[in-house]
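Inside the fold
Residue strings, one per chain:
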Amino acid sequence: PHHADTMISELLAQTLNNMGCPPSAPFFGFIGAASALIFANFGAAYGTAKAGVGVASMGVMRPELVMKAIVPVVMAGVLGIYGLIVAVIISQNIKEDYPLYSGFAHLAAGLAAGLSCLGAGMAIGIVGDSGVRAIAQQPKLFVGVILILIFGEALGLYGLIVALIMTSKPNPGCDSA
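Figured I'd write up the structure that's included with this text. Remember, predicted model here, so these are calculated numbers, not experimental data.

On to the overall build of the protein. Across its full length, the protein holds six helices and zero strands. Counting helices and strands in the order they occur from the N terminus, the protein gives α-α-α-α-α-α. For 177 residues, the compact-globule formula gives about 16 Å, and the C-alpha radius of gyration of the protein, at 23 Å, lies well above that figure. With respect to the principal axes defined by its C-alpha atoms, the protein has extents near 90 × 20 × 20 Å. Put simply, 87% of the contacts in the protein that link residues at least 6 apart link residues at least 24 apart. As displayed, the protein has an accessible area near 9,700 Å², and 73% of this comes from carbon and sulfur atoms.

Written as structure tokens, this is what we have:
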């Protein structure tokens, strides 16, 4: 009976010491890394596809402007890179002693970057499609369309910056439960 009490006391003490690092904590970090990559790639894919349709359409009318019209496709592709950067940073920070605090911070970082890039990709795709078609009819619109695309891309960059700030928060360790 005394041995069982000692085992229960040791188990309770070990559980209380590990409250900051439950076995489920890495799950949140991995979901954050996956979210950053998945949502950013959704945005990049949508932006590329939507703008690409506009490029193909305008290329029939004005093939000499196709290289200028590729700009929104490139900008959409960069969004996927933002998600990749955040996913790699989060993944490299997940280790055996991983506090719940870090799991939540990495989940938030992944969602911030991924969903910002999804929104940016939608903006770039819609503006890129309409913009390159308009440029085919009036080339003087090029600078204005590029400025609108830059503001769309900035939304994804904001998500990347916030995600980098969240992933750089100091790890509190497992003992600070």
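This brings us to the nonpolar core. Residues Met58, Leu79, Val86, Ile90, Ile124 and Leu149 are the most contacted members of the largest nonpolar core, which totals 32 residues. Elements with a contribution of two residues or more to this core: helix 2 (25-61), helix 4 (71-93), helix 5 (100-137) and helix 6 (142-167). The dominant element in this core, judged by the number of residues it contributes, is helix 5, at eight residues. In contact with Val86, other than residues within four places in its own chain, are Ala36, Ala109, Gly110, Ala113, Leu160 and Ala163.

This part takes up the packing of helix 4 against helix 6. Where helix 4 meets helix 6, the axes come as close as 10 Å, and the angle between the chain directions of the two elements is 0 degrees. Compared by their axis directions, helix 4 and helix 6 come out roughly parallel. Between helix 4 and helix 6, the residues in contact are Val71, Pro72, Met75, Ala76, Val78, Leu79, Tyr82, Ile85, Val86, Ile89, Ile90 and Asn93 and Ile146, Leu149, Ile150, Glu153, Gly156, Leu157, Leu160, Ala163, Leu164 and Thr167, respectively. Residue classes in the contact of helix 4 with helix 6 are distributed as 18 nonpolar, three polar and one charged.

With their axes 8 Å apart at the nearest point, helix 4 and helix 5 run at an angle of 175 degrees to one another. Classed by the angle they form, the pair helix 4 and helix 5 counts as roughly antiparallel. Along the contact surface, helix 4 presents Pro72, Met75, Ala76, Leu79, Tyr82, Val86, Ile90 and Asn93, while helix 5 presents His106, Ala109, Gly110, Ala113, Cys117, Ala120, Gly121, Ile124, Gly128 and Val132.

Here we come to the environment of Gly173. Mapped onto the elements of the fold, Gly173 is located in the segment after helix 6. In sequence terms Gly173 and Cys21 are 152 residues apart; their C-alpha atoms lie 8.0 Å from each other.

Conventions adopted
Residues numbered from 1 in each chain as written. Predicted model: local features only at pLDDT ≥ 70, side-chain atom pairs only at ≥ 80, totals over all residues. Heavy atoms only, no water. Helix = DSSP H or I, 4+ residues; strand = E, 2+ residues; numbered from the N terminus. Rg over C-alpha atoms; globule rule 2.2 N^0.38 Å. Contact = heavy atoms within 4.5 Å. Areas by Shrake-Rupley, 256 points an atom, 1.4 Å probe, with all protein chains shown as cover. Core = buried A, V, L, I, M, F, W, Y, C linked by side-chain atoms within 4.5 Å. Buried < 20%, exposed > 50% of the residue type's maximum accessible area, 1.4 Å probe, protein only. Axes fitted to C-alpha atoms, helices over the stretch in contact; angles between N-to-C directions. Parallel < 35°, antiparallel > 145°, perpendicular 65-115°, else oblique. Nonpolar A, V, L, I, M, F, W, Y, C, P; charged D, E, K, R; others polar.

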